[in-house]
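# A look at the structure
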Amino acid sequence: MRNQSTRKLVILGTLIAMNVVVNLFLRIEGMAPMSSVLNIYAVLLIGPFYTVVMAFTTAVLRMVLFGIPPLAMTGAVIGAALAGICYKWRPTIYASALGEIIGTGVIASIVSYPVMVWFTGVKTNLHWFVYTPKFLGATLIGTGIALLVYHRTKHLSFFKETQRLFGQK
C-alpha cells in the first residue's frame with residue numbers, strides 16, 4: 001500500500017514538473033496549449049481529482065517562478081475540473097476533451113476578465129470575452145495534440161498500469 005502511494009506521488013510530481021517545463025518552452029505568447037494537453041491526458045491517466053491538484057500546483061508554480069498572471073490559474077484549474085467532470089460523466093477522451101474546451105476555452109476565458117481587473121486594479125473598457133480567442137485557440141491546439149498523443153500511447157503498458165494504479169477505466 002505504501003509503495004502505491006509513493007508511486008502515485010511520483011507520477012503526480014512528474015506530471016507537475018512536465019507541465020511547468022513544457023509550458024515554459026512550448027508556449028505561444030498569451031497561450032498555453034500544453035496545459036490543455038496535460039489536463040486531458042492526466043484525466044485519463046490519473047483521474048479527475050489528481051488532475052485538478054496537478055493543474056492547481058502547476059499554475060501556482062508558473063505564477064511564482066515565472067511571473068505568469070493569474071490567467072494561469074483560471075485557465076488550468078477550470079479546464080481541468082470540467083475535463084474531469086465530463087470524464088466522470090462519460091469516461092472517454094472525447095468527453096474529457098469537450099470538458100477542457102468548454103472549461104478553458106469558454107468559462108475560464110470569461111472568468112479571467114474580472115480576475116485580471118481585480119489583479120491589476122485597472123478597470124478597462126474591454127469586453128468580458130477579451131481572453132476568449134486566445135484561450136479557445138490554445139485549448140483547441142492542445143486538444144488536438146492530446147488526441148494524437150493518446151492514440152499513440154493508449155496501448156503502452158505504462159499507460160495501462162498507471163490507470164490501474166489510480167483506479168481509472
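Residues numbered from 1 in each chain as written. Predicted model: local features only at pLDDT ≥ 70, side-chain atom pairs only at ≥ 80, totals over all residues. Heavy atoms only, no water.

Identification of the protein as Energy coupling factor transporter S component ThiW from Dolosigranulum savutiense is taken from an unreviewed UniProt entry.

Let's shift gears to helix H5 (residues 93–120). When the local axis directions of H5 are compared, the greatest deviation, roughly 40°, occurs at Ala 108. Looking at the residues trailing H5, positive phi occurs at Gly 121, about 75°. (Bend = angle between axes of the 7 residues up to and from the residue. Helix = DSSP H or I, 4+ residues; strand = E, 2+ residues; numbered from the N terminus.)

Moving on: the environment of Leu 148. When you line up the elements, Leu 148 lands in helix H6 (residues 132–153). Accessibility expressed as a relative area gives 61% for Leu 148, which makes it exposed. Each C-alpha atom of the pair Leu 148 and Gly 103 lies 20 Å from the other, and the pair is 45 residues apart in sequence. (Buried < 20%, exposed > 50% of the residue type's maximum accessible area, 1.4 Å probe, protein only.)

This next bit is on the nonpolar core. Of all hydrophobic cores here, the largest spans 24 residues; its most connected members are Leu 15, Ile 46 and Met 54. When contributions to this core are tallied by element, the ones reaching two or more residues are helix H1 (2–25), helix H2 (33–46), helix H4 (71–89), H5, H6 and helix H7 (157–165). Of the residues forming this core, the biggest block, 10 residues, is contributed by H2. When near neighbours in sequence (up to four residues on either side) are disregarded, Ile 46 contacts Ile 11, Leu 12, Leu 15, Thr 51, Thr 162, Phe 166 and Gln 168. (Core = buried A, V, L, I, M, F, W, Y, C linked by side-chain atoms within 4.5 Å. Contact = heavy atoms within 4.5 Å.)

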